[in-house]
Amino acid sequence: MTTTDTPDSRIRTFHPRRGRMSDRQRDALARLWPAYGLTIAALDGPCDPTTLFGRRAPLVLEIGSGMGDATATMAAADRDRDYLAVEVHTPGIANLLELVERHRLENVRVAEGDALDLVRAMPEGCLDAVHVYFPDPWPKTRHHKRRIIAPAHVALLRSRLAPGGTLHCATDWAEYAQSMRDTLTADPKLVDVHGGYAPRPAHRPVTKFERRALTAGREIFDLIHRRR
């Protein structure tokens, strides 16, 4: 175990998801995965971002990129930074790969598997930002230990941020938002940028998932903390 690991930090924080793919998605996955994909379970040593992207640039880690629309939009508007998107939903991975090709996003790579295992393989201080947008809230009390925004996981993510790097979380679950806020505020090496919930930054696109939450009357909570 590393200094940021505990027995609970090895508990899975996501539902494995495969789902049905269209012919278009299957084609994108087959053609583009060798160039842009990374299988986390196949890593047999450290993950070097410079080797992965073929250049040295500020790196953003997207945990749970869904169908990839938000990641593609941010990466297209921010080509001086690299975006490493992690997802377990195969159709979402395939859709993002198609967007990468369509928009010629050489600053995007897509990883499949457990994001925390990937982070453990990355060097400390290598990330400019970590985005955790609308993670599984695991609403039942007995499942709260599976939440990704938990003390041990936050300590691990923070250790990979460069000084001044940001950890940006968003959720539409009020109870999880308060739990996130308590957890992030308790980390002595993180600074709350807005002193509470943040206004939605212009760089974070509104996704279909977020629109559905707003239509259902749920409030969106953003939290942005910076590494000291």
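Nothing here was measured: the structure is a model prediction, and the numbers come from that model.

**Student:** Just to check I follow, could you spell out the pattern of salt bridges for this structure?
**Tutor:** Where charged atoms of side chains with opposite charge meet at close range, the side chains can pair. All chains considered together, the criterion is met by 15 salt bridges. One salt bridge in this structure joins aspartate 82 and arginine 55, with 2.6 Å as the shortest N-O distance. With aspartate 82 in strand S3 (residues 82-87) and arginine 55 in the loop between helix H2 (49-53) and strand S2 (59-63), the pair connects residues that are 27 residues apart, well separated along the chain. For arginine 55, a relative accessible area of 33% translates into the label partly exposed. In this structure, arginine 204 engages aspartate 222 in a salt bridge whose closest nitrogen and oxygen atoms are separated by 2.9 Å. Within this pair, whereas arginine 204 is found in the loop between strand S7 (190-192) and helix H8 (208-215), its partner aspartate 222 is found in strand S8 (residues 221-227), the two being separated by 18 residues in sequence.

**Student:** How should I be thinking about the packing of helix H1 (residues 23-36) against helix H4 (residues 90-102) in this particular structure?
**Tutor:** Packed helices, taken two at a time, are described by the angle between their axes plus the distance between the axes. It is the contact of H1 with H4, at a shortest axis distance of 8 Å, that shows an interaxial angle of 70°. Judged by the angle between their axes, H1 and H4 are roughly perpendicular. Contact residues: Arg24, Gln25, Ala28, Leu29, Arg31, Leu32, Trp33 and Tyr36 in H1; Thr90, Pro91, Ile93, Ala94, Asn95, Leu97, Glu98, Val100 and Glu101 in H4. A breakdown of the residues in the contact of H1 with H4 according to their chemical character gives ten nonpolar, three polar and four charged.

**Student:** What is the right way to read the pairing of strand S6 (residues 161-171) from this model?
**Tutor:** For a regular strand, side-chain orientation follows a simple rule: the groups alternate between the two sheet faces. Sheet topology note: the strand S5 (residues 127-133)/S6 ladder contains six bridges and is parallel. Paired with valine 132 across the two strands is cysteine 169, which belongs to S6. Between the parallel pair S5 and S6, the chain is carried across by helix H6 (residues 151-160), and the sense of this crossover is right-handed.

**Student:** Even after reading the chapter, I still don't get the confidence of the model for the chain, so can you show me in this structure?
**Tutor:** Note that predicted coordinates carrying low pLDDT should not be read in detail. Confidence in the prediction for the chain averages 92 pLDDT; 92% of positions are at 70 or higher. In this model, residues 1-9 is a region of pLDDT below 50 whose contacts with residues beyond four sequence positions or in other chains number 15 contacts.

**Student:** Explanation requested: the packing of aromatic side chains in the structure shown.
**Tutor:** For any pair of aromatic rings, the description rests on two quantities: the centre-to-centre distance and the angle between the ring planes. Applying the stated criterion across every chain yields a total of two aromatic pairs. An angle of 55° between the planes, with centres 5.0 Å apart, marks the rings of tyrosine 197 and phenylalanine 221 as tilted. Placement of the pair is tyrosine 197 in the loop between S7 and H8 and phenylalanine 221 in strand S8, with a sequence separation of 24 residues. By relative accessible area, phenylalanine 221 is classed as buried at 10%. The ring of tyrosine 197 has arginine 181 lying over it, and the distance from NZ or CZ to the ring centre is 5.2 Å.

**Student:** Please clarify how the environment of glutamate 175 should be interpreted in this entry.
**Tutor:** Checked against the element boundaries, glutamate 175 lands in helix H7 (residues 174-186). When its relative accessible area of 42% is taken as the criterion, glutamate 175 is described as partly exposed. Expressed as a C-alpha distance, the spacing of glutamate 175 and proline 137, which sit 38 residues apart in the sequence, is 8.9 Å. Residues within four places of glutamate 175 in sequence aside, it is in contact with His144 and Arg147.

**Student:** Got a minute to help me understand the pairing of S5 in this structure?
**Tutor:** With respect to burial, S5 is a largely interior element, six of its seven residues being buried. Note: S2 against S5, four bridges, orientation parallel. Counterpart to glutamate 62 in the pairing with S5 is histidine 131.

**Student:** Would you mind going over the environment of aspartate 114 with me for this structure?
**Tutor:** The residue aspartate 114 is located in the loop between strand S4 (108-112) and helix H5 (115-120) in this model. Taking the relative accessible area as the measure of exposure, aspartate 114 reaches 16% and is therefore buried. Put simply, aspartate 114 and glutamate 87 are 27 residues apart on the chain and 8.0 Å apart in space, counted from C-alpha to C-alpha. A polar side-chain atom of aspartate 114 sits 2.9 Å from the main-chain amide nitrogen of leucine 116.

Reading guide: rules and limits
Residues numbered from 1 in each chain as written. Predicted model: local features only at pLDDT ≥ 70, side-chain atom pairs only at ≥ 80, totals over all residues. Heavy atoms only, no water. Salt bridge = Lys/Arg side-chain N within 4 Å of Asp/Glu carboxyl O. Helix = DSSP H or I, 4+ residues; strand = E, 2+ residues; numbered from the N terminus. Buried < 20%, exposed > 50% of the residue type's maximum accessible area, 1.4 Å probe, protein only. Axes fitted to C-alpha atoms, helices over the stretch in contact; angles between N-to-C directions. Parallel < 35°, antiparallel > 145°, perpendicular 65-115°, else oblique. Contact = heavy atoms within 4.5 Å. Nonpolar A, V, L, I, M, F, W, Y, C, P; charged D, E, K, R; others polar. Pairing = 2+ DSSP bridges. Right-handed = clockwise from strand over helix to strand, strands pointing away. pLDDT = per-residue confidence, 0-100. Phe/Tyr/Trp six-rings, centres within 6.5 Å; stacked < 30°, edge-to-face > 60°. Lys NZ or Arg CZ within 6 Å of the ring centre and 35° of its normal. Polar contact = N/O pair within 3.5 Å; in protein donor to acceptor, adjacent residues only side chain to side chain.

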